Amino acid sequence: MGVRVTVATYAEDPVLRAGIAHQLRPRPEVELVAPGEENRAAVTLVVVDQIGDDTVRLLRRLRHGKASRTALVVGRFEPPALRTAIECGVAAVIRRAEATGDRLVSVITAVSKGEGVLPGDVLGQLLDHVGQLSRSSLDPGGVALSTLSARETDVLRLVSEGFDTNEIAGKLSYSERTIKNVLSEINARLRLRNRAHAVGYAMRSGLL
């Protein structure tokens, strides 16, 4: 057994918090941190029925207050609210109806490794949104679009097809670290926010 992932939970009511704790407490892969020790957590689960103003304020506070990566478990959402949540630094989104113990542990593990996890239809919505943005919004600093290398194009293509870092590394015969470095270099060069933004940029620019 490897190192357990430390997890903090925030819920809008005690029933939701108790439900998540019931799912995670028996799992050997994770350790739920005690109230008051949230700064020890590698991953923070925010559990809400829907994304409202209070949720957005909490996500912004978490983004600026600690190094933990955030996953959102949500009952229902509208695309604009979801985009706001992702802009607040949410690394993963899980529908509450799909939040089984196995699914939660899988997402927590992925997020702790730096992965992002979104339902397929949600990723599609985000890519559509990015495709509708003006070029100035996509590239606010006015950076000229650099041609992607063959390796960068291959990585982005596989990201757009829904493969995670480990799967992309296997398909391209690179290490996971190399894949992460490629994505980091793309985001830094083009001043992009995340994987979905990078894929949308490349698709809009005719590179995919």
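Refer to the preceding data block for the structure.
The following refers to the structure shown. As the structure is a prediction and not an experimental result, all values here were calculated from the model.

What counts and what doesn't
- Residues numbered from 1 in each chain as written.
- Predicted model: local features only at pLDDT ≥ 70, side-chain atom pairs only at ≥ 80, totals over all residues.
- Heavy atoms only, no water.
- Salt bridge = Lys/Arg side-chain N within 4 Å of Asp/Glu carboxyl O.
- Helix = DSSP H or I, 4+ residues; strand = E, 2+ residues; numbered from the N terminus.
- Buried < 20%, exposed > 50% of the residue type's maximum accessible area, 1.4 Å probe, protein only.
- Arc of directions from axis to C-beta.
- Contact = heavy atoms within 4.5 Å.
- Polar contact = N/O pair within 3.5 Å; in protein donor to acceptor, adjacent residues only side chain to side chain.
- Axes fitted to C-alpha atoms, helices over the stretch in contact; angles between N-to-C directions.
- Parallel < 35°, antiparallel > 145°, perpendicular 65-115°, else oblique.
- Nonpolar A, V, L, I, M, F, W, Y, C, P; charged D, E, K, R; others polar.

## A few points about the pattern of salt bridges
By the definition in use, this model includes 8 salt bridges. Two residues, Arg96 and Asp49, come together in a salt bridge whose shortest N-O distance is 3.3 Å. On the criterion of sequence distance, the pair formed by Arg96 in the loop between β5 (90-95) and α4 (101-112) and Asp49 in strand β3 (residues 43-50) is long-range, its members being 47 residues apart. Residue classification places Asp49 among the partly exposed residues on the basis of a relative accessible area of 24%. Close ionic contact of Asp154 with Arg157 constitutes a salt bridge, the shortest N to O distance being 3.7 Å. Of this pair, Asp154 and Arg157 are both found in helix α7 (residues 150-160), 3 residues apart, which corresponds to roughly one turn of the helix. Connected through salt bridges with shared partners, the residues Arg27, Glu29 and Asp102 form a single ionic network.

## Some remarks on helix α1 (residues 14-24)
Within the span of α1, buried status applies to Leu16, Ile20, Ala21 and Leu24. Mapping the buried residues of α1 onto a view down its axis gives an arc of 130 degrees, with all of them on the same face. Exposed residues on α1 whose side chains face more than 90 degrees from its buried face are Pro14, Val15 and His22. In the core, the buried residues of α1 are packed alongside β1 (5-11), β2 (30-32), β3 and α4. Structurally, the start of α1 carries an N-cap: the backbone nitrogen of Val15 is 2.9 Å from a side-chain oxygen of Asp13.

## As for the packing of α7 against helix α9 (residues 176-190)
At their nearest, the axes of α7 and α9 sit 10 Å apart, and the two run at 100 degrees to each other. Here α7 is positioned roughly perpendicular relative to α9, judged by the angle of their axes. On α9, the residues touching Arg151, Glu152, Val155, Leu156 and Val159 of α7 are Thr178, Ile179, Val182, Leu183, Glu185, Ile186 and Arg189. Within the contact of α7 with α9, the residues separate by chemical class into 7 nonpolar, 1 polar and 4 charged.

## Structural notes on the side chain of Thr9
Among the secondary structure elements, Thr9 is positioned in strand β1. With a relative accessible area of 11%, Thr9 lands in the buried category. Contacts of Thr9, omitting those with residues within four sequence positions, involve Arg17, Ile20, Leu32 and Leu45.

Everything listed is a geometric property; what it means functionally is a separate question.
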